[in-house]
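So you can see what is in the structure, the chains are spelled out below.
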Amino acid sequence: MAINTDKNSYTVLFATAMVLIVGALLAFVSSNFKEQITENKRIEKQQNILYALGVNENDETSVEFVSKSIVGEEFKKYITKQYVITGTNAVENPNAYLIDIKKEEAAAKNPSYERKLPLFVGEKDNATFYIIPVRGKGLWDAIWGYVSLDENLVVQGVFFDHAGETPGLGSNIKERFFMDDFKGEHILDGNNTFKGIEVAKGNADPKNNDKTDNEVDAIAGATITGNGLAAMLKKDLQLYLPYLKTLKK
Amino acid sequence: MGLLSKKDAKLITDPLADNNPITIQVLGICSALAITADLKASIVMAIAVLFVLAIGNVVISLLRNIIPSKIRIIVQLIVVAALVIIVDIILKAFAYELSKTLSVFVGLIITNCIIMGRFEAFALANGPWRSFLDGIGNSLGYGVILVIVGFFRELLGSGTLLGIKVLGDPIEKTGVYAYGYENNGFMLLAPMALITLGIIIWVQRSRNKALIEN
């Protein structure tokens with residue numbers, strides 16, 4: 001080859017060209033597929049909310065969402081109301097599910113900002129469920145999910161997901177054996193004070209028979225993810241407490 | 001192999017045994033320790049690395065005569081990062097569920113030293129076709145070890161394989177658990193991956209004494 005690749009000028013030229021080409025390529029790919037990706041994310045959100053409500057196509061051990069093609073209609077059918085809550089004041093808003101929890105949380109750091117909290121009310125088998133989105137930190141990255149409560153503040157279903165927890169360890173928070181443990185757990189203690197749900201190690205209740213202990217069995221090898229999940233539930237469920245207490249019969 | 005010359009075939013078969021990237025070259029240890037707690041993750045990671053390393057090797061090999069040697073590591077890093085991100089975006093648009101499974105691995109692939117190691121050691125000095133074969137061979141060698149480690153860690157740590165309970169139910173006390181067997185939770189932690197890897201290296205070297213360095 002005739003090019004002298006050791007020359008400084010060549011190096012700078014090459015670096016500049018490379019950055020331009022790769023940058024343009026990435027920008028092109030990203031903007032080209034943006035629409036599909038946003039659409040996929042919306043579908044995923046609706047699927048997750050319905051999953052927490054117990055509307056899914058699970059068999060014994062799998063996690064199966066309602067299929068993409070019908071999720072829009074199923075969402076309209078089961079989620080009868082969507083609220084945006086500020087304090088104890090709830091306003092109906094059919095697009096509440098589009099609120100970006102991450103952005104709201106960041107904006108709420110400013111004390112003068114009044115945080116908008118989305119709440120989804122689902123009707124299934126003549127019972128009413130209140131589905132709350134939660135978001136927190138795992139070991140490596142964000143974790144989030146949806147918790148479905150009845151009016152006595154007992155968990156009726158959950159869905160958890162994560163961006164980058166360790167495969168085989170922390171990533172198991174989205175497995176059935178973990179999520180199913182939350183069903184029936186109380187978030188209040190015996191004295192009706194808020195306690196959240198602890199992800200506990202060695203609570204001598206691996207089958208999770210005791211539903212009022214505010215504890216579920218932790219995943220071995222995923223302590224930090226588990227602690228992060230418990231902290232997330234505590235932090236975000238608490239925000240809804242003023243409103244949820246007005247429901248309690 | 002009729003399709004490949006003897007020399008080319010060795011590019012694929014060597015990394016599977018006597019020149020294995022993990023057990024002999026000690027590359028890609030980090031991901032081998034991190035994600036082998038279950039078999040499925042090991043297999044997914046192996047396949048992902050296969051694609052990235054094969055294609056990356058070809059790209060670097062094509063560019064090998066014009067890459068300035070002073071910034072070659074950065075160039076390699078950009079090539080692999082761009083490749084992985086583009087694949088990730090396309091998967092997000094067309095195979096969203098698959099991309100969710102793979103997104104965890106994206107960071108691990110970019111920083112996998114096997115990829116940088118093969119770019120640096122092979123693709124920069126060889127033609128595209130041989131680099132492609134080298135990529136396939138090394139990622140297969142990497143994948144084999146990952147699957148072996150993942151197999152033992154999942155079996156002994158969780159009593160399952162690919163999520164199926166092969167040893168019975170530890171809570172209901174069926175299968176081998178009825179006889180007092182317990183899962184070894186320690187197998188799920190990274191130190192046991194290192195020990196499992198050590199045992200593989202030991203077995204391999206005692207079978208082939210030529211591998212032992214003085």
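Nothing here was measured: the structure is a model prediction, and the numbers come from that model.

1. Brief notes about the overall build of chain A
- Within chain A, the regular secondary structure consists of six helices and eight strands.
- Helices (α) and strands (β) of chain A occur, in sequence order from the N terminus, as α-α-α-β-β-α-β-β-β-β-α-β-β-α.
- Across its three principal axes, chain A shows a C-alpha extent of roughly 80 × 45 × 45 Å.
- Within chain A, the proportion of its 249 residues that are buried is 33%.
- Taking all contacts inside chain A whose residues are at least 6 apart in sequence as the whole, residues at least 24 apart take part in 56%.

2. Some remarks on the nonpolar core
- The biggest cluster of nonpolar side chains holds 86 residues, and the ones touching the most others in it are Ala52, Ile131, Ile132, Val147 and Val158 of chain A together with Val49 of chain B.
- If sequence neighbours within four positions are ignored, Ala52 of chain A has contacts with Ile131, Tyr146, Val147, Ser148, Gly157, Val158 and Phe159 of chain A.

3. Considerations on the UniProt feature "modified residue: FMN phosphoryl threonine" (unreviewed entry) in chain A
- In the numbering used here, UniProt assigns the feature "modified residue: FMN phosphoryl threonine" (unreviewed entry) to Thr223 of chain A.
- The exposure class assigned to Thr223 of chain A is partly exposed, which follows from the 15 C-beta atoms found within 10 Å.

4. Notes on the interface of chain A and chain B
- Taken together, the contact between chain A and chain B spans 30 residues of the former and 29 residues of the latter.
- Within the residue set of the side of chain A that touches chain B, elements represented by two or more residues are helix H1 (8-32) and helix H2 (34-53) of chain A.
- With 10 residues, the single largest contributor to the side of chain A that touches chain B is H1 of chain A.
- Class assignment for the residues of the side of chain A that touches chain B results in 17 nonpolar, 10 polar and three charged.

Quick notes on the rules
- Residues numbered from 1 in each chain as written.
- Chains lettered and ligands numbered in written order.
- Predicted model: local features only at pLDDT ≥ 70, side-chain atom pairs only at ≥ 80, totals over all residues.
- Helix = DSSP H or I, 4+ residues; strand = E, 2+ residues; numbered from the N terminus.
- Buried ≥ 20, exposed ≤ 12 C-beta atoms within 10 Å, placed from the backbone.
- Contact = placed C-beta atoms within 7 Å.
- Core = buried A, V, L, I, M, F, W, Y, C linked by C-beta atoms within 7 Å.
- UniProt positions renumbered as here; feature names shortened; annotations may be inferred.
- Nonpolar A, V, L, I, M, F, W, Y, C, P; charged D, E, K, R; others polar.

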